[in-house]
Amino acid sequence: MTESQDLKTTPLTALHQRLGAKMVPFAGYLMPVQFPLGVLGEHRHTRAKAGLFDVSHMGQLRVDGADAAARFETLVPGDIAGLGEGRTRYTQFTNADGGILDDLMVTNAGDHLFVVVNAACKEADTALLRATFGAELTELADRALLALQGPSAAAVLATLAPEAAEMTFMTFRTMDVAGIPCFVTRSGYTGEDGYEISVPADRAEALAEKLLAHPEVEPIGLGARDSLRLEAGLCLYGHDIDTTTSPIEAALTWSIGKRRREQGGFPGAARIQDEIANGTSRRRVGLKPEGRAPAREGTEITDLDGRPIGKVTSGGFGPTVDGPVAMGYVETAFAAEGTEVRLVVRGKPLPARVAKLPFVAPGYKR
Amino acid sequence: MTVKYTEDHEWIRVDGAIGTVGITDHAQEQLGDVVFVELPETGSTVAKGDAAGVVESVKAASEIYAPVSGEIVEVNAALVDAPQTVNAEPTGAGWFFKIRLSDPGELDGLMDEDAYKAHAGD
């Protein structure tokens, strides 16, 4: 394919191709959408055992400086100053209107902050951080990022890094994994227990092959990554959240600590504080179609009389739910769990209900 | 019995006045795991090129287009509860519907197996 020539690769691209992956363009990278096991099989395998994901396209950054946490808080509503050493937190870059520029993970790594951002936003995020931190921002472009996810992830990683088993959800450690110096966080994007492992690019393939040598581990592509995160109720930037949605509309209020809610001091604080106090006109909710037909992104949501009340932002088939699942924004009057709505699929209003997120019970190691 | 193919990767196997329609092995391979199938109504009439059904994988939804004009005389209702049959046997048990051809001459505009193979790049 000629389009491949303009696409970036990751340190694992050659391995994916050897493993028989179907490669597709994604956020400017040539990435595996599925391996020979197929999306359904990969999804189920991750929920049952362990899946290995290449997420090296995501941006890894390091922020130095004595007051890095306090300065970081001028860009995000999350409590970064209150983040203990070795702890990781989910937050968002917001704009002056309170919209979301990107969502990200921030770790207090002791003498610096370790930051992971979305692939599609990483250039803009880097520019944003550069404006605040200047030379104290370092792009960790020489590192790959692997995610090992699923109920067997801990047992598998313990064979290469025994101390990983001691970690709890949303904590971080630097450690040798199979003798390779890595940054390990116990986190992920599947709703399962698991780890994200930042590894020097030139050792990434060796580490991936060591992990894949375990019979419990299968390589997993972007197709299953999407269905896993959807069942887990996790937002996909550019779909479920973007510059037109605030963290409060997106039901991410939990990610804004008490001190930040009271003090503000982040872009869009006026709107976000007002929405926390007075509510929003729409909200992100889970949606469970009652039939078998998936409702895809862009599907119109109506009330029982056919009046439009919102749109689906992510939707498809949930292999673990064994049926269609979706999320989207509805007028707040329709946001209560169990509310009956209609999803207009190919012109037909199909019955659905507002559902509690996540669709699948999380396996996080608290 | 004649088998013909469309550019949209449907096949039609014609036996007398009745054609059986499904999607090709190439199409199911491209779609990936099929998780949902919507079939036309028995007794409805369709024109060549009309959307006559839907097949969805985890990744995406695709329309099934009528390769010829005619009346839907039977649908493969077993697919509704076992859509994975489309992956397992796309040209056999994974058929979608049977159609009574109103204009058998339309078959001449479809591809034979060799032409389809070239079209699909197999």
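- The name an unreviewed UniProt entry gives chain B is Glycine cleavage system H protein, with Thalassobaculum fulvum as the organism.
- Quoted verbatim from the Subunit (unreviewed entry) field of the UniProt record, the comment on chain B reads "The glycine cleavage system is composed of four proteins: P, T, L and H."
- Regarding chain B, the UniProt comment filed under Sequence similarities (unreviewed entry) reads as follows: "Belongs to the GcvH family."

- Named according to an unreviewed UniProt entry, chain A is aminomethyltransferase originating from Thalassobaculum fulvum.
- A UniProt comment under Catalytic activity (unreviewed entry) is attached to chain A, and it reads "N(6)-[(R)-S(8)-aminomethyldihydrolipoyl]-L-lysyl-[protein] + (6S)-5,6,7,8-tetrahydrofolate = N(6)-[(R)-dihydrolipoyl]-L-lysyl-[protein] + (6R)-5,10-methylene-5,6,7,8-tetrahydrofolate + NH4(+)".
- Recorded in UniProt for chain A, the comment headed Sequence similarities (unreviewed entry) runs: "Belongs to the GcvT family."

### A short note on the overall build of chain B
- Each helix and strand in chain B was counted, giving four helices and nine strands.
- Start at the N end of chain B and walk to the C end: the helices and strands fall as β-β-β-α-β-β-β-β-β-α-α-β-α.
- Since a compact globule built from 122 residues should have a radius of gyration of about 14 Å, the 13 Å found for chain B is in line with a globular shape.
- In terms of overall dimensions, chain B has a C-alpha envelope of 35 × 35 × 20 Å along the principal axes.
- Here chain B, with 122 residues, has 48% of them falling under the buried criterion.
- Accessible surface for chain B amounts to roughly 5600 Å². Of this, 45% is attributable to carbon and sulfur atoms.
- When the 7 positive and 23 negative side-chain charges of chain B are each reduced to one mean point, those points stand 5 Å apart.

### Quick look at the UniProt feature "modified residue: N6-lipoyllysine" (unreviewed entry) in chain B
- In the numbering used here, UniProt assigns the feature "modified residue: N6-lipoyllysine" (unreviewed entry) to Lys59 of chain B.
- Note on Lys59 of chain B: relative accessible area 31%, which makes it partly exposed.
- Engagement of the side chain of Lys59 of chain B in a polar contact is seen with the side chain of Gln34 of chain A, the distance being 2.8 Å.

### Some thoughts on the interface of chain B and chain A
- Each partner contributes to the interface: chain B provides 14 residues, whereas chain A provides 15 residues.
- On inspection of chain B and its partner chain A, the count reaches four salt bridges.
- The tally of links between chain B and chain A comes to 10 residue pairs in polar contact (both at pLDDT 80 or more).
- Contributing elements (two or more residues each) for the side of chain B that touches chain A: α1 (25-31), β4 (34-38), β6 (51-57) and β7 (61-65) of chain B.

### Looking at the state of the cysteines
- Using the criterion set out here, one finds zero disulfides over all chains in the structure.
- Cys121 of chain A carries a free sulfur, and the closest cysteine sulfur to it, the one in Cys235 of chain A, is 13 Å from it.

### Things to note about the pattern of salt bridges
- Counted according to the given criterion, the structure contains 33 salt bridges over all chains.
- The salt bridge partner of Arg307 of chain A is Glu331 of chain A, with a shortest N-O separation of 3.0 Å. Here Glu331 of chain A lies in strand β17 (residues 323-331) and Arg307 of chain A lies in the loop between β15 (300-302) and β16 (308-318), a separation of 24 residues in the sequence.
- Since its relative accessible area comes to 37%, Arg307 of chain A is described here as partly exposed.
- Given the relative accessible area of 27%, Glu331 of chain A is considered partly exposed.
- Each of the salt bridges in this network shares a partner with another, and the network as a whole consists of Arg296, Arg346 and Lys348 of chain A together with Glu38 and Glu56 of chain B.

### With respect to the domain arrangement of chain A
All names here are of chain A.
- Partitioning chain A into structural domains gives domain 1 (1-232) and domain 2 (281-355).
- The gap between the C-alpha centroids of domain 1 and domain 2 is 30 Å.
- Each partner contributes to the interface: domain 1 provides eight residues, whereas domain 2 provides 11 residues.
- Summing both partners gives a buried area of about 720 Å² for domain 1 against domain 2, and 64% of it is carried by carbon and sulfur.
- The largest per-residue losses of area from domain 1 upon contact with domain 2 belong to Arg229, Leu230 and Glu231, which jointly make up 61% of the total buried on that side.
- One can count five residue pairs in polar contact (both at pLDDT 80 or more) joining domain 1 with domain 2.
- Going through the elements one at a time, α2 (39-48) and α7 (222-231) are the ones with two or more residues in the side of domain 1 that touches domain 2.
- Along the lines of polarity and charge, the residues of the side of domain 1 that touches domain 2 split into two nonpolar, two polar and four charged.

### Remarks on unusual backbone geometry
All names here are of chain A.
- Each neighbour pair has its own omega, and for Leu357 with Pro358 the value is -5°, a cis peptide bond.
- Relative to the helices and strands, Pro358 is located in the segment after β19 (348-355).
- At Asp322, a residue that is not glycine, the phi angle is positive and equals roughly 60°.
- As for its position among the elements, Asp322 is in the loop between β16 and β17.
- Its identity as a non-glycine residue notwithstanding, Arg346 has a phi of 50°, on the positive side.
- Mapped onto the fold, Arg346 is located in the loop between β18 (340-345) and β19.
- On the basis of relative accessible area, Arg346 is assigned to the partly exposed category, the value being 34%.

What counts, and where the lines are drawn
- Residues numbered from 1 in each chain as written.
- Chains lettered and ligands numbered in written order.
- Predicted model: local features only at pLDDT ≥ 70, side-chain atom pairs only at ≥ 80, totals over all residues.
- Heavy atoms only, no water.
- UniProt positions renumbered as here; feature names shortened; annotations may be inferred.
- Helix = DSSP H or I, 4+ residues; strand = E, 2+ residues; numbered from the N terminus.
- Rg over C-alpha atoms; globule rule 2.2 N^0.38 Å.
- Buried < 20%, exposed > 50% of the residue type's maximum accessible area, 1.4 Å probe, protein only.
- Areas by Shrake-Rupley, 256 points an atom, 1.4 Å probe, with all protein chains shown as cover.
- Lys, Arg positive; Asp, Glu negative; His and termini not counted.
- Charge placed at Lys NZ, Arg CZ, Asp CG, Glu CD.
- Polar contact = N/O pair within 3.5 Å; in protein donor to acceptor, adjacent residues only side chain to side chain.
- Contact = heavy atoms within 4.5 Å.
- Salt bridge = Lys/Arg side-chain N within 4 Å of Asp/Glu carboxyl O.
- Disulfide = S-S within 2.5 Å.
- Domains from an automatic or database assignment.
- Buried area = accessible area lost by both parts, 1.4 Å probe.
- Nonpolar A, V, L, I, M, F, W, Y, C, P; charged D, E, K, R; others polar.

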